[in-house]
Amino acid sequence: MTIGLFIPCYVDAVFPEVGMATYKLLRHLDLDVAYPLDQTCCGQPMGNAGFESQAVPLAAKFEEKFKGFDYVVSPSVSCTAFVRIKYPRLFKGKTTCETASKAMDVVEFLHDVVKLDRRLGTFPHKVSLHNSCHGVRELGLSSPSEQHVTKFNKIKDLLQLVDGIQVVEPERPDECCGFGGMFSVEETAVSAQMGLDKLERHIQTGAEYVTGPDCSCLMHMAGVARKQGLKMEFKHVIEILAAGL
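Residues numbered from 1 in each chain as written. Predicted model: local features only at pLDDT ≥ 70, side-chain atom pairs only at ≥ 80, totals over all residues. Heavy atoms only, no water.

Sheet topology note: the strand E5 (residues 126–129)/strand E6 (residues 166–168) ladder contains three bridges and is parallel. Opposite valine 127, over in E6, you have valine 167 as the bridge partner. For E5 and strand E7 (residues 209–212), the ladder comprises three bridges, and the chain directions are parallel. From the neighbouring strand, serine 128 faces E7, where its bridge partner is valine 210. (Pairing = 2+ DSSP bridges. Helix = DSSP H or I, 4+ residues; strand = E, 2+ residues; numbered from the N terminus.)

With that settled, consider the pairing of strand E8 (residues 233–236). Taken residue by residue, a regular strand's side chains alternate between the two faces of the sheet. The two faces of E8 differ: Phe234 and His236 on one face are buried, but Glu233 and Lys235 on the other face are not. As paired strands, E7 and E8 are joined by four bridges and run parallel to one another. The residue of E8 that forms the bridge with valine 210 is phenylalanine 234. A crossover connection joins E7 to the parallel E8 through helix H12 (residues 215–228); in handedness this β-α-β unit is right-handed. (Buried < 20%, exposed > 50% of the residue type's maximum accessible area, 1.4 Å probe, protein only. Right-handed = clockwise from strand over helix to strand, strands pointing away.)

This part takes up the side chain of serine 191. Inspection of the secondary structure assignment puts serine 191 in helix H11 (residues 188–203). Look at serine 191 and you get buried, because its relative accessible area is 1%. Aside from chain neighbours lying at most four places away, what touches serine 191 is Cys177, Gly178, Phe179, Phe183, Ser184 and His220. (Contact = heavy atoms within 4.5 Å.)

A few words now on the packing of helix H4 (residues 52–66) against helix H5 (residues 77–91). Contact geometry for H4 and H5: axes closest at 10 Å, N-to-C directions at 110°. The angle between H4 and H5 places the two elements in the roughly perpendicular class. Together, Glu52, Ala55, Val56, Leu58, Ala59, Ala60, Phe62 and Glu63 of H4 and Phe82, Val83, Tyr87, Arg89, Leu90 and Phe91 of H5 make up the contact between the two elements. By residue class, the composition of the contact of H4 with H5 is 11 nonpolar, no polar and three charged. (Axes fitted to C-alpha atoms, helices over the stretch in contact; angles between N-to-C directions. Parallel < 35°, antiparallel > 145°, perpendicular 65-115°, else oblique. Nonpolar A, V, L, I, M, F, W, Y, C, P; charged D, E, K, R; others polar.)

Okay, here's the thing in structure tokens:
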């Protein structure tokens, strides 16, 4: 089983520690993982902004770089969802798109493919779990509250493998934090208020940290926290899983 590690733009530029933690954990599990050095953006910003034609060349390059791997794994639910769900439409049947079916967020890869069940490191803290929208409703990392289905959470399942951790969830656990990519730029006031409302619910859990599968959500809430002078730490779930290894 070969794994191509895809590190999205904002992880590479702003949260490189998340990319390094992902690689570190995959290697710790003795998996065959490679990081193509000349990879670039998957095209999500252009696609979500309505400029899909500008995303096509990036999708074509992504396909060329990663089609030879058995899985394309990324620490980003939004970018993974874009590749899996939007790429087939971008290619429009003109070219075979192999990467869409191979793309997986690192949480679902570890949970569903690796079926990770060994003890990991130690993180002796109370952590509030943030379920990002793309993860809930497009990748199925957790059960949507609006559907009458048996409750599940793959993120929580993995975090339970870390010693010393106490995982809690806020009221309205899968409500949006207000980031939403372009939404946060076009509807700044609404986005900021949604971020504050969500952050307050996380704080009410009494947790020291907020964690989740997407750095963009964590970045948004961290920005709100700083502006409001609120004390809360933020870590991507993969950083916690890799802590102490």
